[in-house]
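In case you want the letters, here they are:
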Amino acid sequence: MRKHFRAIRALLLIITFTAIRLPFVQAQTNSIVATDKNPPLPAGLDKRFLDTTADPCIDFARYACGNFSKYYPIPEDRSSYDVAAVVSAHMEYTLHSLLEKASADDHLRTPNEQKIGDFYASCMDVDAIQAVGLKPLQPELDRIAALKDKSELTDLLAHYQMITVNAFFVLYEQQDFKDARKQIAVADEGGLGLFERDYYLNASDASEKIRKQYTQHITNILKLLGESDTRALDDAQKIVQLETRLARSSLPVTSRMDPNQVYHLTSVSRMGELIPEIAWTRLFERTGTPQLTELNVVNPAFFQGLSALLGATDLETIKTYLRWRLVASVPSYVLPAAFDDEQFNFYGRQLRGQPEQRVRWKRCTEATADEFDQALGEVYVKAYFPPASKSKTVQMVKDVEDAMDKELDTLPWMSIETRSKAKVKLRLIADKVGYPDRWKDYSSLKILRGDPLGNAMRKNEFDNRNNYAKIGQPVDRGEWIISPLVVDAHYSSSLNVMNFPAGILQPPFFDPQSTDAENFGMLGGIVGHELTHGFDDGGRQFDGNGNLSDWWTAQDAKNFAVMTDCEEKEYSGFTAVDDVKVNGKLTLSENTADNGGMRLAYGALQTDARRKGIDLNAKDDSGFTPVQQFFVSYGQGWCGSNRPEEIRVQVQTNPHSPFEFRINGVVQNMPEFGQAFGCKTGQPMMLSNACRVW
Ligand SMILES: [Zn+2]
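Residues numbered from 1 in each chain as written. Predicted model: local features only at pLDDT ≥ 70, side-chain atom pairs only at ≥ 80, totals over all residues. Heavy atoms only, no water.

Participant: What exactly am I supposed to notice about the overall build of the protein here?
Facilitator: Each helix and strand in the protein was counted, giving 30 helices and 12 strands. In terms of overall dimensions, the protein is globule-like: its C-alpha atoms have a radius of gyration of 26 Å, near the 26 Å expected for 694 residues. Considered along the principal axes of its C-alpha atoms, the protein spans approximately 80 × 60 × 50 Å. By residue count, 60% of the 694 residues in the protein fall in the buried class. The long-range share in the protein, meaning contacts at least 24 apart out of those at least 6 apart in sequence, stands at 74%. About 28000 Å² of surface is accessible on the protein, with carbon and sulfur atoms providing 52% of the total. (Helix = DSSP H or I, 4+ residues; strand = E, 2+ residues; numbered from the N terminus. Rg over C-alpha atoms; globule rule 2.2 N^0.38 Å. Buried < 20%, exposed > 50% of the residue type's maximum accessible area, 1.4 Å probe, protein only. Contact = heavy atoms within 4.5 Å. Areas by Shrake-Rupley, 256 points an atom, 1.4 Å probe, with all protein chains shown as cover.)

Participant: Looking at this structure, how should I read the coordination of the zinc ion?
Facilitator: At this site the zinc ion is bound by His529 (NE2), His533 (NE2) and Glu590 (OE), with donor distances of 2.0 to 2.1 Å. Counting gaps between the donor residues of the zinc ion yields the pattern H-x3-H-x56-E. Of this pair, His533 sits in helix 24 (residues 516–533) while Glu590 sits in helix 26 (residues 588–612); the two residues are 57 residues apart in sequence, bridging distant segments of the chain. Owing to a relative accessible area of 7%, Glu590 belongs among the buried residues under this scheme. (Donors = N, O, S within 2.8 Å, 3.2 Å for Na, K, Ca; no water.)

Participant: Hey, could you run me through the packing of helix 6 (residues 111–124) against helix 23 (residues 452–469) in this one?
Facilitator: The relative placement of two packed helices is expressed as an angle between their axes plus a distance between the axes. One way to put it is that helix 6 packs onto helix 23 with a least axis distance of 9 Å and a crossing angle of 135 degrees. Accordingly, the angle class assigned to the pair helix 6 and helix 23 is oblique. The way helix 6 lies across helix 23 gives a crossing that is left-handed. Listed contacts from helix 23 to Asp118, Phe119 and Ser122 of helix 6 are Pro452, Asn455 and Ala456. (Axes fitted to C-alpha atoms, helices over the stretch in contact; angles between N-to-C directions. Parallel < 35°, antiparallel > 145°, perpendicular 65-115°, else oblique. Left-handed = near helix turned anticlockwise from the far one by under 90°.)

Participant: How should I be thinking about the pattern of salt bridges in this particular structure?
Facilitator: Close approach of charged atoms lets side chains of opposite charge pair. Following the criterion strictly, the structure yields 46 salt bridges and no others. Note that Asp51 is salt-bridged to Arg62, the shortest N-O span being 3.1 Å. Separated by 11 residues along the polypeptide, Asp51 in the loop between helix 2 (24–27) and helix 3 (60–65) and Arg62 in helix 3 bring together distant segments of the chain. The residue Arg282 makes a salt bridge to Asp155 at a minimum N-O spacing of 2.7 Å. Taken together, the residues Arg282 in helix 15 (residues 280–286) and Asp155 in helix 9 (residues 153–163) connect sequence positions 127 residues apart. (Salt bridge = Lys/Arg side-chain N within 4 Å of Asp/Glu carboxyl O.)

So far we have only geometry, and geometry alone does not tell us how the molecule works.
Here it is, written out as structure tokens:
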């Protein structure tokens with residue numbers, strides 16, 4: 001679970017389509033749904049979900065999705081369930097079967113199949129893991145024990161950067177906010193077992209309780225490492241004190257969302273002044289980055305605080321802390337059951353309220369998919385995403401971009417000078433569809449069957465060496481930083497890249513068997529949604545090359561606010577549950593993207609129909625016209641149900657509106673919907689005062 005620390009931090013500026021931007025704590029837990037059976041994929045337009053007793057002009061969400069939960073009830077262990085969650089759950093079974101096949105040695109395997117197959121099989125072999133115990137970790141533990149002086153810390157911490165042990169701080173690479181062509185080194189806060197500062201500093205009873213449980217957890221781990229009861233408790237308390245000091249110098253989560261607060265370009269010599277306890281030049285040599293002269297120090301105050309802390313803490317306490325961080329940084333599935341259970345008891349059960357550990361095959365599938373997204377991705381694509389699907393989806397993305405280009409010509413609220421800048425930015429967007437043009441080369445990485453800990457460490461070293469090698473090099477905009485296997489879509493401002501992984505290019509979102517209208521209703525809407533993010537009040541902060549620079553005039557900003565005000569009022573009028581209304585302000589930017597996205601998808605559908613000579617208003621065998629299919633498919637992309645408690649939480653925290661309003665909020669603003677379904681102006685789904693930004 002610590003594995004993605006760097007990735008998540010580097011992705012702060014990425015806007016996702018389905019998921020709320022979660023703090024680090026929760027980011028990895030919700031990625032895969034716990035269901036006991038493999039749920040079948042819905043169709044692009046799934047007639048089973050239709051509630052034909054509902055009038056589409058009065059409540060379109062009910063019409064499109066009224067029967068969804070009959071076929072996909074909320075699983076026991078979930079608080080909500082929707083189409084994207086169904087696809088994610090299905091994907092897990094798909095990947096599992098590919099891994100089972102790759103791990104069987106009854107056929108000649110490709111080098112990548114050997115790697116994913118043996119990595120997975122090693123993870124699954126709990127008997128071997130149990131038998132070997134802590135032996136594989138012993139050399140690392142010995143290395144800590146051998147420390148004689150704090151001056152020896154530099155080499156050890158350099159080694160920890162390479163094998164991803166999160167102790168004190170982390171070093172990674174990042175695109176330079178101020179010069180988007182460059183990749184620079186970053187020294188960031190780290191070393192906390194409780195993810196972020198508020199856990200250590202909040203005075204609430206709940207936080208107090210977590211800190212008690214956390215102290216107990218560290219005590220238990222130290223006992224498993226061989227310490228006596230009293231010493232383990234004493235050491236755990238010292239560790240929590242030490243981490244609390246680190247937390248005090250760390251930035252609040254909200255500050256980390258602001259690019260200006262996490263950017264401090266600093267010379268290496270200045271770094272040495274901030275924290276002389278670490279020999280930075282030597283550390284950079286050891287991590288393969290000797291050429292460094294400057295780097296982004298995310299939070300200089302943190303390193304000053306760390307300097308004071310290292311000076312004031314005795315070597316024995318530092319060594320205990322390092323042993324704790326070492327064990328906590330290793331994936332718990334490679335450790336004996338007592339460690340694994342203890343980790344789950346705290347991080348799963350106590351922190352997240354997860355009642356049971358997920359079954360082994362799901363954990364190992366997820367771990368392999370995370371570590372080898374491109375090796376498993378290549379195998380997946382070969383089996384499930386043929387070249388014809390790639391060319392078709394690439395064309396769809398282009399069609400939506402062309403619709404945006406046309407839209408910009410007539411957009412009333414954008415000034416002429418801003419419009420031309422928007423067009424430049426649009427032309428510079430790089431589309432990443434399905435999978436990378438060049439797959440990552442894993443050939444120098446050794447994966448051995450029966451060596452799960454060694455596999456995990458070698459993989460970390462492989463990743464870190466590759467990442468550090470990018471420092472000082474120009475940004476490779478062709479590189480995929482998102483797994484091709486995820487069921488999601490992204491727009492990244494600092495790369496000006498849209499990303500539609502193969503994971504989301506499967507039914508119902510995209511299906512080569514579906515009609516074009518259905519595909520544009522689902523995937524087209526998603527593409528449009530992401531695209532508008534590059535041009536809204538978030539996207540305005542970055543230019544087409546990804547540099548942090550505002551390209552709007554003050555008047556554009558004013559006009560945009562007037563235009564979006566209509567949507568804010570519209571969505572604030574929706575009742576989410578009982579007396580709880582949707583928060584129109586919180587959800588404004590996502591609602592605007594939903595509305596704009598469908599408008600662009602509609603434009604793209606028209607171009608596509610003209611090109612192919614399709615009459616969009618003639619019914620086909622389905623009993624629907626293509627325009628109707630377009631809207632029903634869009635609606636069905638958002639079929640889902642929430643438990644009432646979940647809606648209450650969501651309305652307060654999630655920048656996306658609840659499912660039903662992502663559907664109704666959009667169609668009631670599109671007169672084309674009302675026309676397609678024969679609605680009368682003034683009916684709920686055909687507003688007389690419809691809102692329109694894009
Ligand atoms: Zn969005």
